[in-house]
Each structure stands twice: as C-alpha cells, then as structure tokens.
Amino acid sequence: MNKRQNTYQEVLQQAVALADTDAIAYMANIAALLHSQFSFWWVGFYRVKADVLVLGPFQGPLACTRIGFGKGVCGTAWKSKHTIVVPDVDQFEGHIACSSLSKSEIVVPILQNNEVMAVLDIDSEYPNAFDEEDAVYLEQLAAVMARHIHFEQ
Ligand code: SME
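Residues numbered from 1 in each chain as written. Predicted model: local features only at pLDDT ≥ 70, side-chain atom pairs only at ≥ 80, totals over all residues. Heavy atoms only, no water.

A. Inspection of the layout of surface pockets at higher detail. Taken as a whole, the largest pocket spans an internal volume of roughly 180 Å³. The wall of the largest pocket is formed by R4, F38, S39, F40, W41, S124, E125, Y126, A129, F130 and D134. Of the residues that constitute the lining of the largest pocket, the class distribution is six nonpolar, two polar and three charged. (1 Å grid on protein atoms, 1.4 Å probe; cavity = no way out; pocket = protein on both sides within 12 Å on 5 of 7 lines; lining within 4 Å. Points joined across faces, edges and corners; volume = space filled by probe spheres on them. Nonpolar A, V, L, I, M, F, W, Y, C, P; charged D, E, K, R; others polar.)

B. Spatial organisation of the nonpolar core. Among the nonpolar cores identified, the biggest contains 33 residues, and I30, L34, L120, I122, L138, L141 and M145 are the most heavily contacted of them. Elements that contribute at least two residues to this core include exactly α1 (3-17), α2 (23-38), β1 (42-49), β5 (104-112), β6 (115-124) and α4 (132-148). Apart from the residues lying within four places of it in its own chain, the contact partners of L34 are V11, S39, F40, V43, L120, I122, L138 and L141. With 17 residues, the next largest nonpolar core counts W42, L53, L55 and A63 among its residues. (Core = buried A, V, L, I, M, F, W, Y, C linked by side-chain atoms within 4.5 Å. Buried < 20%, exposed > 50% of the residue type's maximum accessible area, 1.4 Å probe, protein only. Helix = DSSP H or I, 4+ residues; strand = E, 2+ residues; numbered from the N terminus. Contact = heavy atoms within 4.5 Å.)

C. Focus on the site of the ligand. Around the ligand, the surrounding shell holds 13 residues, and the nearest of these are V73, C74, I96, E105 and D123. Here a nitrogen atom of the ligand and a side-chain polar atom of H95 are 3.3 Å apart. In this structure, D121 approaches the ligand through a side-chain N or O atom, which is 3.3 Å from an oxygen atom. Surface burial for the ligand is 99%, taken as the share of its 300 Å² of free accessible area covered by protein chains. Judged by its atoms lying within 2 Å of the grid points, the ligand is housed in the largest cavity. For the shell around the ligand, the elements supplying multiple residues, two or more each, are β1, α3 (72-80) and β6. A per-element tally of the shell around the ligand places α3 first, with three residues. (Near = heavy atom within 4 Å. Polar contact = N/O pair within 3.5 Å; in protein donor to acceptor, adjacent residues only side chain to side chain. Areas by Shrake-Rupley, 256 points an atom, 1.4 Å probe, with all protein chains shown as cover. Sits in = over half its atoms within 2 Å of the grid points.)

D. View of the pattern of salt bridges. Under the criterion given, the structure shown has three salt bridges. Of the charged contacts in the structure, one is a salt bridge between R4 and D131, with a shortest N-O distance of 3.0 Å. One end of the pair, R4, is in helix α1; the other, D131, is in the loop between β6 and α4, and 127 residues separate them in sequence. Between D134 and R4 there is a salt bridge, with the nearest N and O atoms lying 2.6 Å from each other. Of the two residues, D134 sits in helix α4 while R4 sits in helix α1, which places them 130 residues apart along the sequence. In this structure D134 comes out as buried when scored by relative accessible area, which is 2%. Since its relative accessible area comes to 27%, R4 is described here as partly exposed. Beyond isolated ion pairs, a larger network of salt bridges with shared partners links R4, D131, E133 and D134. (Salt bridge = Lys/Arg side-chain N within 4 Å of Asp/Glu carboxyl O.)

E. The arrangement of the packing of α1 against α2 in detail. Running from N to C, α1 and α2 cross one another at 160°; their axes reach a closest spacing of 11 Å. When the axis of α1 is compared with that of α2, the two are roughly antiparallel. Two packed elements cross with a definite hand, and for α1 against α2 that hand is right-handed. Residues R4, T7, Y8, E10, V11, Q14, A15 and V16 of α1 form the contact with α2, whose own contacting residues are Y26, I30, L33, L34, Q37 and F38. Taken together, the residues that form the contact of α1 with α2 break down as nine nonpolar, three polar and two charged. (Axes fitted to C-alpha atoms, helices over the stretch in contact; angles between N-to-C directions. Parallel < 35°, antiparallel > 145°, perpendicular 65-115°, else oblique. Left-handed = near helix turned anticlockwise from the far one by under 90°.)

F. View of the environment of S39. Mapped onto the elements of the fold, S39 is located in the loop between α2 and β1. When the C-alpha positions of S39 and A23 are compared, they lie 23 Å apart, and in sequence the two are 16 residues distant.

Keep in mind these values describe shape, not function.
So, in structure tokens, the structure goes:
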C-alpha cells in the first residue's frame, strides 16, 4: 500500500470514529481531517437546500456561497449523481472559479436513498491532482458519511 492509500485508509477509519448525526458537525470535522491529512488547497461541502447548493463547512480560502443545479462542477455532480474528476479546471466548461489558484478539482456527491444531500468538493492548486483512486476512496468516505448524517433540508 502506498502513502496515499495508507492515508485514505486512516481517513476512512477516523471518519467512522468521528461520525455524528449532525450534518454540520460531521462535515466540519471531515473537512478538517482531509485538509490536514492531504494539505489540499480547499476542502469543503455544499449542501442541497431546495433548488440550490449552499456552502457548508470548509477549510481553505473564501468560496462562493450558492451554486445552481447543473452549474459548475458541483452542480453537475449534483445533477448527474456521480463523482466528477477535473484534471484541468480551464477545460471544464462552466467551471466556477472561486479561486484563480485552483487548478484541478474532484467533486463527490453524498447520496441517501439515491438523492444527493450534499457534495464534497476538493480543489488543488496543482493540475492533475486527482485520479480514479481518489474517486474510489472519497466515494467510500461519502458512503460512510451518508450512513450517519441526519440531513435537515
Ligand atoms: N469550482 C466549483 C465551485 C466551488 S469552489 O471550487 C470552492 C464548481 O465549479 O462547482
């Protein structure tokens, strides 16, 4: 197992230990955990509130607060219900640039009963920072979170 795989395994174990039914509390700790373990540029959550994604707990620079359905990478992941890996944000049509320093991104939806409740968004200041392996581990993390969180709409 390489270093990144090892770190993801630790993150998954800690995510179980940190589990909290309160969505904000749990997301806040997971954002802090991922940010400290991987030194990502920006790690955070957007919650589905009616017809828009609203900024939730995050670690990193200021971010836009609302993203529409199908808009940007986050809104596209919400609409498609699938993880989106963006190796180069300039190549993703409609990408919403909260920070000009962000170069690549991954967005993972958190689903309950096949409905997207929130998305996990991670940005890197380096291009090509995320691949299929990140997607697999982060989807496992999203599944752990979905099992524990009570989302209030
Ligand atoms: N880039 C995202 C917006 C959120 S920020 O990166 C924090 C998007 O296109 O949806």
